[in-house]
Amino acid sequence: MQVGMIGLGRMGANMVRRLMRGGHQCVVYDRDAEQIHRLTTEGAIGTASLDDLINRLTPPRAVWVMVPAGDATEATVEALAQRLNVDDVLIDGGNSYFKDDVRRAEALTARGLHYVDVGTSGGTWGLDRGYCLMIGGYRPVVTRLDPIFKTLAPGRGSVERTKGRSRMDGTAEEGYLYCGPAGAGHFVKMIHNGIEYGLMQAYAEGFDIFRHANSKSLPENMRYDLKLADIAEVWRRGSVVGSWLLDLTAAALAENPDLSNFTGSVQDSGEGRWTVMAAVEEGVPAEVLSASLYTRFRSRQDHTFAEKVLSAMRYQFGGHVESSGGNCLS
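The structure displayed is predicted, hence computed values, not measured ones. (Residues numbered from 1 in each chain as written. Predicted model: local features only at pLDDT ≥ 70, side-chain atom pairs only at ≥ 80, totals over all residues. Heavy atoms only, no water.)

Caption draft 1: The arrangement of unusual backbone geometry in detail. In this model, Pro59 is joined to Pro60 through a cis peptide bond whose omega is -10°. Examined against the element boundaries, Pro60 turns out to sit in the loop between helix H3 (50-56) and strand S4 (62-65). Although it is not a glycine, Asp87 sits at a positive phi angle of roughly 80°. The residue Asp87 is located in the loop between helix H4 (71-81) and strand S5 (89-92) in this model. Owing to a relative accessible area of 30%, Asp87 belongs among the partly exposed residues under this scheme. Positive phi, close to 50°, is recorded for Leu259, a residue that is not glycine. Since its relative accessible area comes to 33%, Leu259 is described here as partly exposed. (Helix = DSSP H or I, 4+ residues; strand = E, 2+ residues; numbered from the N terminus. Buried < 20%, exposed > 50% of the residue type's maximum accessible area, 1.4 Å probe, protein only.)

Put into structure tokens, the structure is as follows:
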């Protein structure tokens, strides 16, 4: 199948490579000419502009947009909408807000175009592992694009089949899923990333407790000098908390047990915020996911004014004095 790919960053470029491995023809464009050149040497068809890309695709076209969510995606979608023809499909595989998907789908439908949103998980490992795809849009159009999704997805591989799945049909076991109409794919991916925040925070806090298990504030006979890399490794083997995130943690700790190559300033790409907003709108408690988001905010700051207020109040009511490290003595 032929597909156009706009945005040749780490994920976009590897998705092109995986598609070409699967026998698909990829027509590619990026503002960085070097990225285009690199993929043309591997078999992709390079283009010099959006117009060039569209002219090289056979109608009905399928154009996959893999650029940063927000203004970049909005501008690209609008530019394509002015150039595509009736029955062409625009696929947003980035991390767009699902409400933006609903709006875009309505606008494109009015022009006779189709809009498909694809939550894409797999990161830089997806080239070989495959990508978990969560898809939203008009189902007949999604079905038309099935060969693309099937190639990008991991497939069943060696994952043990879930008990009871034999009575169910669909593509979930292949690693891609039609979730519903416009926005549904990115909605599922949004919650996926919110859960990811919580999982990551749980691991991070646990290992932080391990790191301080030899604190001088503890009784001497209850201090433990633990090897974090070894704990991460043993948990990978038979533990109920084993996961790919733990695998990555184990690799990082094996490479640098002190993680001194990181500052601890943790960014968020938006989905965690949107997950918490969705929980508020639905009236669903989401304590862990909310706390993990706020912890990321906190990681980017020095001591806040709020913490100064707390210290001031503790001093006023109890005479509690901050230690030289900024922590109260009691």
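Caption draft 2: Broad picture of helix H12 (residues 271-282). Over its 12 residues, H12 extends 16 Å from the first C-alpha to the last, a length consistent with the 16 Å expected when each residue adds 1.5 Å. Every buried residue belonging to H12 is among Glu271, Gly272, Trp274, Thr275, Val276, Ala278 and Ala279, and all of these are buried. Its buried side turned inward, H12 meets helix H9 (184-211) and helix H13 (287-299). Just past H12, the residue Gly283 takes up positive phi, approximately 70°. (Expected span 1.5 Å × (residues − 1). Contact = heavy atoms within 4.5 Å.)

Caption draft 3: View of the nonpolar core. Membership of the largest hydrophobic core comes to 51 residues, with the highest contact counts inside it found for Met5, Val16, Trp64, Leu80, Val116 and Phe149. At five residues, helix H1 (residues 10-21) tops the list of elements feeding residues into this core. If sequence neighbours within four positions are ignored, Trp64 has contacts with Val3, Gly4, Met5, Ile6, Met15, Ile91, Gly93, Val118, Thr120, Ile148, Phe149 and Leu152. Counting eight residues, the second-largest nonpolar core is a separate cluster that includes Tyr203, Phe207, Leu246 and Ala250. (Core = buried A, V, L, I, M, F, W, Y, C linked by side-chain atoms within 4.5 Å.)

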